[in-house]
Amino acid sequence: MVVRTMRPEAVVQVDRERLDHLYAQLGASNAEQIVSRAMEELAARLDKVERSYKKGQFGEMQKAARSMIAISEQIGMETFARVASDVNMLATQDDGAALAATVARLKRIGERSLLAVWDLQDASV
């Protein structure tokens, strides 16, 4: 018997135009502060989703996921927003396997999205 380990690749989409518009609208300094604060909030809420999932606190998990949708959309993290929306929806359904897989996907997408936005922010400086 051969046992294979799956390593899912998470492809993320960041709306560069949305970030550029934010920078043009607010100026570089203000936009950097907003984006940095948003990324800190997303990281904290991503942790909250994971902790809530492990404790079976699905209402808290939904609350964190819903707030992640709005924040990630604001700074152009399209894939992150979509997967957070999936977690929010699945938290109300009776499909533990789908919820577990989607929470794991949110973690992968979240980490990669945060890195992608950091990279874009560094490139625009």
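Bear in mind the structure is a predicted one, so any value in this text is a computation, not a measurement.

Asker: Sorry, what's going on with the nonpolar core here?
Answerer: Within soluble globular proteins, side chains that are nonpolar tend to cluster in buried spots. Among the nonpolar cores identified, the biggest contains 31 residues, and V35, L42, V49, M68, I75, V87 and L106 are the most heavily contacted of them. Per element, the largest residue contribution to this core is 7 residues, and it comes from helix α2 (residues 28-55).

Asker: What should I look at first to understand helix α3 (residues 58-74) in this one?
Answerer: A turn of α-helix holds 3.6 residues, and therefore any two residues three or four places apart point the same way. Spanning 17 residues, α3 covers 25 Å between terminal C-alpha atoms, matching the ideal 24 Å at 1.5 Å per step. Here α3 has its buried residues at M61, Q62, A64, A65, S67, M68, I69, I71 and S72. Positive phi shows up at G76, right after α3, with a value of about 85°.

Asker: Would you explain the side chain of S72 in this entry?
Answerer: With respect to the helices, strands and loops of the structure, S72 is situated in helix α3. For S72, the side chain forms a polar contact with the main-chain oxygen of I69, separated by 3.2 Å. The contacts of S72, once residues within four sequence positions are left out, are L42, M77, F80 and A81.

What counts and what doesn't
- Residues numbered from 1 in each chain as written.
- Predicted model: local features only at pLDDT ≥ 70, side-chain atom pairs only at ≥ 80, totals over all residues.
- Heavy atoms only, no water.
- Core = buried A, V, L, I, M, F, W, Y, C linked by side-chain atoms within 4.5 Å.
- Buried < 20%, exposed > 50% of the residue type's maximum accessible area, 1.4 Å probe, protein only.
- Helix = DSSP H or I, 4+ residues; strand = E, 2+ residues; numbered from the N terminus.
- Expected span 1.5 Å × (residues − 1).
- Polar contact = N/O pair within 3.5 Å; in protein donor to acceptor, adjacent residues only side chain to side chain.
- Contact = heavy atoms within 4.5 Å.

By themselves, these observations are geometric and do not establish any function.
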